[in-house]
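Reading the structure
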Amino acid sequence: MINKSTKFLLDFEKPIFELEEKLDDLRKLDADGIDLSPDIEALSTRIEELRNSIYGNLTRWQRVQIARHPLRPYTNDYIGALTKGFVELHGDRCFGDDPAIVSGFATLNGAEYGYKNHTVLMIGHQKGRDTKQRRYRRFGMPNPEGYRKARRHMELAAKFGKPIICLLDTPGAYPGMDAEERGQAEAIARNLFVMARLPVPIVVVVIGEGASGGALGIGVGDQMLMLENAWYSVISPESCSSILWRSWDYKEEAARALKLTAPDLIDVGIVDQIVKEPLGGAHQDPSTTYDLVGEAVCDSLKNLAKLSTEDLLRQRLKRLDRIGEYSVAD
């Protein structure tokens, strides 16, 4: 059942919501002594068919909308569900701390997935739930110190031989003047350079939005997993529409052209595995989502643990090179 609050209702979910309201009314009348069980059963079947039809044929733009749903689990939610004993680390030892990126060590709850408890470094973008938190975390858009903080912690994880799990969920790196003055581009580029060489397994999971260098700055790894309704692209549909058509009105066309969904990225070899979501999105059943993500992450770490450091780095470089493959016609 979709979330009952119209505050968080997406446009394409309205037909389901309207039928569910009618179903609630029928159930109230049935409870009052009027036998409406045949009508209730028929309407329930119709709702289920409509739900499967809508969520089974989502457009790229609709998946973008689900990825941005305000009730969707964020990085801190995954950390709380998948780990224990999380110790958050702060600061880049250069300028300051950036709350848009959360980073720290924790014990991964992997025993139920055949991966015995291990200490891992968790890194991810955090958007914030309410207005105060969103302003504090800048909607998950990091400043340079956020990327430098992440790099410092990744180098610390490598020093002690701990795997790294990166959770991507950002509309992009923070575009402010102060971010540019402190070297936004250099901070992201340096992270790409360092992550390509870290001698420990890195598993990247796109849990929501994965926009531009803001996501790529902590997005280089050995395995990339992507939730079914997440998106990952060099630019957001709105920004693409604004550049190409000088208007945000063509964002749906831009989303189609960008091919930014998980199946699109599987086809071109950027994403290695799609993690299924409950019908309607991760926010409809967070517990099931955590289990699916936890199982996928542990499977990836188990496979990567079998590789020597040399093989790990060789395979990582080969994976990156494969993304840039091209051919020249005669």
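What comes next is a walk through the structure. What you are looking at is a predicted structure, and each value in this text was computed from that prediction instead of being measured.

Overview of the overall build of the protein
Counting its secondary structure elements, the protein contains 14 helices and eight strands. On C-alpha atoms alone, the protein measures out to a radius of gyration of 22 Å, which is about the 20 Å that the 2.2 N^0.38 rule sets for 330 residues. With the C-alpha coordinates aligned to their principal axes, the bounding extent of the protein is approximately 70 × 50 × 50 Å. Counting all 330 residues of the protein, 48% fall into the buried class. Accessible surface computed for the protein: about 16000 Å², of which carbon and sulfur atoms make up 52%. Taking the average location of the 43 positive side-chain charges in the protein and that of its 48 negative ones, the two points are 7 Å from each other.

A word on the nonpolar core
If you look at the biggest cluster of nonpolar residues, it comprises 57 residues, and the most contacted ones within it are Ile-123, Ile-164, Leu-198, Val-205 and Leu-227. Sort the elements by how many residues they give to this core and helix 13 (residues 286-305) lands first, with seven residues. Apart from the residues lying within four places of it in its own chain, the contact partners of Val-205 are Cys-166, Leu-167, Leu-168, Leu-225, Leu-227, Val-293 and Val-297. Residues Leu-36, Leu-43, Ile-54 and Tyr-55 belong to the second largest nonpolar core, which totals 13 residues.

A word on the packing of aromatic side chains
This structure, assessed with the given rule, holds three aromatic pairs. A centroid spacing of 5.2 Å and a plane angle of 25° characterise the contact between Trp-245 and Tyr-250, whose relative ring orientation is stacked. Positioned above the aromatic ring of Tyr-174, the side-chain terminus of Arg-138 is 5.3 Å from the ring centre.

Overview of the pairing of strand 2 (residues 101-108)
The buried fraction of strand 2 is high, at seven of eight residues. Pairing between strand 1 (residues 83-88) and strand 2: four bridges, direction antiparallel. By the bridge assignment for strand 2, Thr-83 is matched with Leu-108. Bridging between strand 2 and strand 3 (residues 118-125) involves eight bridges; their strand directions are antiparallel. Residue Ile-101 lies in a different strand from strand 3, and its bridge partner there is His-125.

Some words on helix 14 (residues 309-323)
Taking 1.5 Å of rise per residue, the 15 residues of helix 14 would be expected to cover 21 Å, and the 22 Å separating its terminal C-alpha atoms lies within 8% of that figure. When we look at burial in helix 14, the residues that qualify are Leu-312, Arg-316 and Arg-319. Here the buried residues of helix 14 occupy an arc of 60° about the axis, which is enough to place them on one side. Opposite the packed face of helix 14, turned more than 90 degrees from it, sit the exposed residues Glu-310, Arg-314, Leu-317 and Lys-318. Those residues of helix 14 that are buried lie in contact with helix 8 (184-195), strand 5 (202-211), strand 6 (223-227) and helix 13.

Some points on the pattern of salt bridges
When their charged atoms lie close together, side chains carrying opposite charge are able to pair. One pass over the full model with this rule turns up 20 salt bridges. When the shortest N-O distance is used, the salt bridge between Lys-302 and Asp-299 registers 3.5 Å. Of this pair, Lys-302 and Asp-299 are both found in helix 13, three residues apart, which corresponds to roughly one turn of the helix. Salt bridges sharing partners connect three or more residues here, namely Arg-68, Lys-127, Asp-169, Glu-209 and Glu-238.

How each quantity is defined
- Residues numbered from 1 in each chain as written.
- Predicted model: local features only at pLDDT ≥ 70, side-chain atom pairs only at ≥ 80, totals over all residues.
- Heavy atoms only, no water.
- Helix = DSSP H or I, 4+ residues; strand = E, 2+ residues; numbered from the N terminus.
- Rg over C-alpha atoms; globule rule 2.2 N^0.38 Å.
- Buried < 20%, exposed > 50% of the residue type's maximum accessible area, 1.4 Å probe, protein only.
- Areas by Shrake-Rupley, 256 points an atom, 1.4 Å probe, with all protein chains shown as cover.
- Lys, Arg positive; Asp, Glu negative; His and termini not counted.
- Charge placed at Lys NZ, Arg CZ, Asp CG, Glu CD.
- Core = buried A, V, L, I, M, F, W, Y, C linked by side-chain atoms within 4.5 Å.
- Contact = heavy atoms within 4.5 Å.
- Phe/Tyr/Trp six-rings, centres within 6.5 Å; stacked < 30°, edge-to-face > 60°.
- Lys NZ or Arg CZ within 6 Å of the ring centre and 35° of its normal.
- Pairing = 2+ DSSP bridges.
- Expected span 1.5 Å × (residues − 1).
- Arc of directions from axis to C-beta.
- Salt bridge = Lys/Arg side-chain N within 4 Å of Asp/Glu carboxyl O.

Spatial relationships are all this shows, so hold off on functional conclusions.
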